[in-house]
Amino acid sequence: MGLLGASLAACSDAAHRPNILVISVDTLRSDHLGCYGYPRATSPAIDAIAKQGTVFQNAWSSSSWTLPAHATMLTGLPVSAHAQCDWDLAATERFANHLPRGRYISEDLERAGYDTAGFYSCIYLEPKFGFGPGFQTWERAYHSVHSEPGIAERWDSARKAGDTEEMRRIHDENPALFDVEARSAPAAIDSALRWLGGRKSDADPFFLFVHVYDAHTPYTPPPPFDRFDPEYQGTIDGRRLGDADSPVHAGMDPRDLEHVIALYDGEIAAIDDVLERLFAELERSGAADDTLLILTSDHGEEFFEHGGKQHGGNLYRETLQVPLIVKWPGHMAAGARCATTTGLIDIAPTLRAAAGLDADKNLPGADLRELARGKSGPGSRRIVGELTIRRGPEPIWMATLIDGREQTIVRMPGSEGWSAERFDLVLDPRERAEPLHFDAASPQAARLLEDLDSTRSELHRLRERAPARGSRQASDGVVHAQERMALKALGYTGSRDAPVDADRLCLDGCIWRP
Ligand SMILES: [Zn+2]
């Protein structure tokens, strides 16, 4: 391109608003994708997108489960600032610290003239958790006992009354609503394609958000995607990972664990195959060249690297690090890799910039296009992760700071003292070595506490400046995840949950305070 051509491109750049497509593949470890170096062919379609875009190799979520991470993805705020950190709406609504804050990027884009639509596949993205503002279409692509009008109310009142007969009846009448193996990705992609095809005009650009859930447990890939471990002769099948008597546990036979991982990989391959249809349609319609495409995940998945399975119980790299691939022809370098520390907090600022909106000074993230142009290397950016666990009798609060080449994880059980460990992400990217443990009396510990205090102040400031959203549409009962409901309906009692603590919610709990 000559000088004239270059300046024309720069001119049109300022006024032109691209289409935007954000794909969230729930529970997707980046290191299980070909474009992040995985040897198995789990992701040919995603890898092809990665070749045309920039791969952010060091991207982090804000938490290790669906609700808080998606709130960050769509508001640009860390967990303590948006306060979406607990599934129990009924118990948390009473406390001001738990009222959600922040503005969804969909609201900004709709105001900027975008046609907006989102298709989601999990209860935590339901409107009752606050999701959907700014989306002209916000549509579920999954079915559960919570999603069907009439049945959801019946279920809620039966559960509140402890009427197990009625719960069993609902289960028997509607077995499909309790089918945790039902696949949602094909339905989500079909809905998205229908929406794209049904747009009356291309005069305004679109913002399309698609969330697919099938890599989440159970790992039951359909043929031919169950192909990664054909030699296996054992009995483990990728189901019932959450059960108390699950055959998938820390002491299991390594060969069986290999098979579980192969099934998880099969789920990724099945999703990749479905995504390929969406990518192909964008190419066919000609929209691909004018679409900013971001593919990411809300969190990863553990396979006992640090003793745990699934996610939401830790903040180690395998659950907190996520894929982040950005393709925008002519704007993001193709085939590039960026090692700068980035996070889900950077998505909203990137979309604002692409849509020609001014930067929002109250968002802590940055435009990924700018970050990709900057120096490579872990850099000096700090990403904060937070997690409150209420699965046992006492809550556990965890926070992590990803700071350049270090990840520090702080853990504070309810009544015990705190502990912290630090990993060197450059020397030990998989966090396999023994971490640095902090002696509470050491100067290192004092510095860490100072760091946590300043992080907490910063989160406080972000929270104060974020617009309050008021009460969510709390149902009359406790909201449980689909799988737990299904288990309870069948007579399992489930685990005992620690009470919500009025004094140490979110901001005051996740971020440890002496
Ligand atoms: Zn998730």
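Scope of this entry: the structure provided in the associated data block. Just so it is clear, the model here is predicted, and its values are computed rather than measured.

Conventions we followed
- Residues numbered from 1 in each chain as written.
- Predicted model: local features only at pLDDT ≥ 70, side-chain atom pairs only at ≥ 80, totals over all residues.
- Heavy atoms only, no water.
- Helix = DSSP H or I, 4+ residues; strand = E, 2+ residues; numbered from the N terminus.
- Buried < 20%, exposed > 50% of the residue type's maximum accessible area, 1.4 Å probe, protein only.
- Contact = heavy atoms within 4.5 Å.
- Areas by Shrake-Rupley, 256 points an atom, 1.4 Å probe, with all protein chains shown as cover.
- Donors = N, O, S within 2.8 Å, 3.2 Å for Na, K, Ca; no water.
- Lys, Arg positive; Asp, Glu negative; His and termini not counted.
- Salt bridge = Lys/Arg side-chain N within 4 Å of Asp/Glu carboxyl O.
- Phe/Tyr/Trp six-rings, centres within 6.5 Å; stacked < 30°, edge-to-face > 60°.
- Pairing = 2+ DSSP bridges.
- Axes fitted to C-alpha atoms, helices over the stretch in contact; angles between N-to-C directions.
- Parallel < 35°, antiparallel > 145°, perpendicular 65-115°, else oblique.
- Nonpolar A, V, L, I, M, F, W, Y, C, P; charged D, E, K, R; others polar.
- Arc of directions from axis to C-beta.
- Core = buried A, V, L, I, M, F, W, Y, C linked by side-chain atoms within 4.5 Å.
- Left-handed = near helix turned anticlockwise from the far one by under 90°.
- Polar contact = N/O pair within 3.5 Å; in protein donor to acceptor, adjacent residues only side chain to side chain.

1. Overview of the overall build of the protein chain
- Counting secondary structure elements, the protein chain contains 16 helices and 18 strands.
- Split into buried and exposed, the 514 residues of the protein chain put 58% on the buried side.
- Within the protein chain, counting contacts between residues at least 6 apart in sequence, those at least 24 apart form 72% of the total.
- Split by element, the accessible area of the protein chain, about 20,800 Å² in all, is 51% carbon and sulfur.

2. Considerations on the coordination of the zinc ion
- With distances of 2.0 to 2.7 Å, the protein atoms coordinating the zinc ion are Asp 26 (OD), Asp 26 (OD), Thr 66 (OG1), Asp 298 (OD) and His 299 (NE2).
- In the primary structure, the donors to the zinc ion are separated according to the pattern D-x39-T-x231-D-H.
- Residue class for Asp 298 comes out buried when judged on its relative accessible area of 0%.
- Under the relative-accessibility criterion, His 299 is labelled buried at 0%.

3. Let's talk about the side chain of Arg 317
- Positionally, Arg 317 belongs in helix H11 (residues 317–320).
- Although Arg 317 lies buried, it forms no salt bridge, and the closest oppositely charged side chain, Glu 431, sits 6.2 Å away as judged by the N-O distance.
- Excluding residues that lie within four positions of it along the chain, Arg 317 makes contacts with Gln 57, Asn 58, Trp 60, Gln 407, Leu 425, Pro 429 and Glu 431.

4. Quick notes on unusual backbone geometry
- In this structure, Pro 218 follows Thr 217 across a cis peptide bond, with omega equal to -5°.
- Mapped onto the fold, Pro 218 is located in the loop between strand E6 (206–212) and helix H10 (254–285).
- Residues other than glycine seldom take positive phi values, yet Phe 304 does so here, at roughly 70°.
- Locating Phe 304 in the fold gives a position in the loop between strand E8 (302–303) and strand E9 (309–310).
- You will see that Gln 310, though not glycine, has its phi angle at about 60°, which is positive.
- Along the polypeptide, Gln 310 turns up in strand E9.

5. Notes on the packing of aromatic side chains
- One pass over the structure, following the stated rule, counts 15 aromatic pairs.
- Note on Tyr 124 and Phe 129: the rings are 5.4 Å apart at their centroids and 65° apart in plane angle, and the pair reads as edge-to-face.
- Classification of Phe 129 as buried rests on a relative accessible area of 0%.
- Site record: aromatic cluster; members linked through ring pairs are Tyr 120, Phe 135, Trp 138, Tyr 142, Phe 207 and Phe 209.

6. Considering the sheet that holds strand E18 (residues 436–437)
- A sheet is described by the order of its strands in space; here five strands give the open sequence E14-E15-E16-E17-E18, paired in antiparallel fashion. A single partner strand is all that each edge strand has here, and the edge strands are strand E14 (382–389) and E18.
- As paired strands, strand E15 (residues 396–403) and strand E16 (residues 406–413) are joined by eight bridges and run antiparallel to one another. When the bridges of E16 are listed, Trp 397 appears paired with Met 412.
- Packed onto the sheet, helix H14 (residues 443–465) meets E14, E15, E16, strand E17 (419–424) and E18 and runs at close to 90° relative to E14.

7. A word on the packing of helix H2 (residues 44–51) against H10
- With their axes 7 Å apart at the nearest point, H2 and H10 run at an angle of 50° to one another. As far as their axial angle goes, H10 and H2 are oblique. Facing Pro 44, Ala 45, Ile 46 and Ile 49 of H2, the residues of H10 in contact are Asp 272, Leu 275, Glu 276 and Phe 279.
- Residues of the contact of H2 with H10, tallied by class, amount to six nonpolar, no polar and two charged.

8. Structural notes on helix H8 (residues 164–173)
- Of the positions making up H8, those classed as buried are Glu 166, Met 167, Ile 170 and His 171. Down the axis of H8, the sector holding all buried residues measures 140°, keeping them to one side. For H8, exposure combined with an orientation more than 90 degrees from the buried face picks out Glu 165 and Asp 172.

9. A short note on the nonpolar core
- Phe 207, Leu 208 and Leu 351 are the most contacted members of the largest nonpolar core, which has 129 residues in total.
- For this core, the element with the most residues is H10, which contributes 12 residues.
- Not counting the four nearest positions on each side in its chain, Leu 351 is found in contact with Ile 20, Val 22, Ile 105, Leu 109, Phe 207, Leu 292 and Ile 294.
- Ranked by size, the runner-up nonpolar core spans eight residues in total, among them Val 145, Ile 151, Met 167 and Ile 170.

10. A closer look at the packing of helix H7 (residues 151–161) against H8
- Contact geometry of H7 with H8 gives a least axis separation of 9 Å together with a crossing angle of 150°. One finds that H7 runs roughly antiparallel with respect to H8. H7 and H8 meet at a crossing whose hand is left-handed. Contacts from Ile 151, Arg 154, Trp 155, Ala 158 and Arg 159 in H7 reach Glu 166, Met 167, Ile 170 and Glu 173 in H8.
- Considering only residue class, the contact of H7 with H8 consists of five nonpolar, no polar and four charged.

11. Concerning the sheet that holds strand E13 (residues 342–343)
- Taken in spatial order, the three strands line up as E10-E3-E13 in an open sheet, and their pairing is mixed. Edge positions in the sheet fall to strand E10 (321–322) and E13, since each of these pairs with one other strand and no more.
- In this sheet, E10 lies alongside strand E3 (residues 59–60) in antiparallel orientation, the contact comprising two bridges. If you follow Ala 59 over to E10, its bridge partner there is Val 322.

12. Section: the side chain of Thr 42
- Mapped onto the fold, Thr 42 is located in the loop between strand E1 (19–25) and H2.
- Among the polar contacts made by the side chain of Thr 42, one reaches the main-chain carbonyl oxygen of His 32 at a distance of 2.7 Å.
- Those residues within four positions of Thr 42 in sequence are excluded, and the remaining contacts are His 32, Leu 33, Gly 34, Phe 228, Asp 265, Ile 268, Ala 269 and Asp 272.

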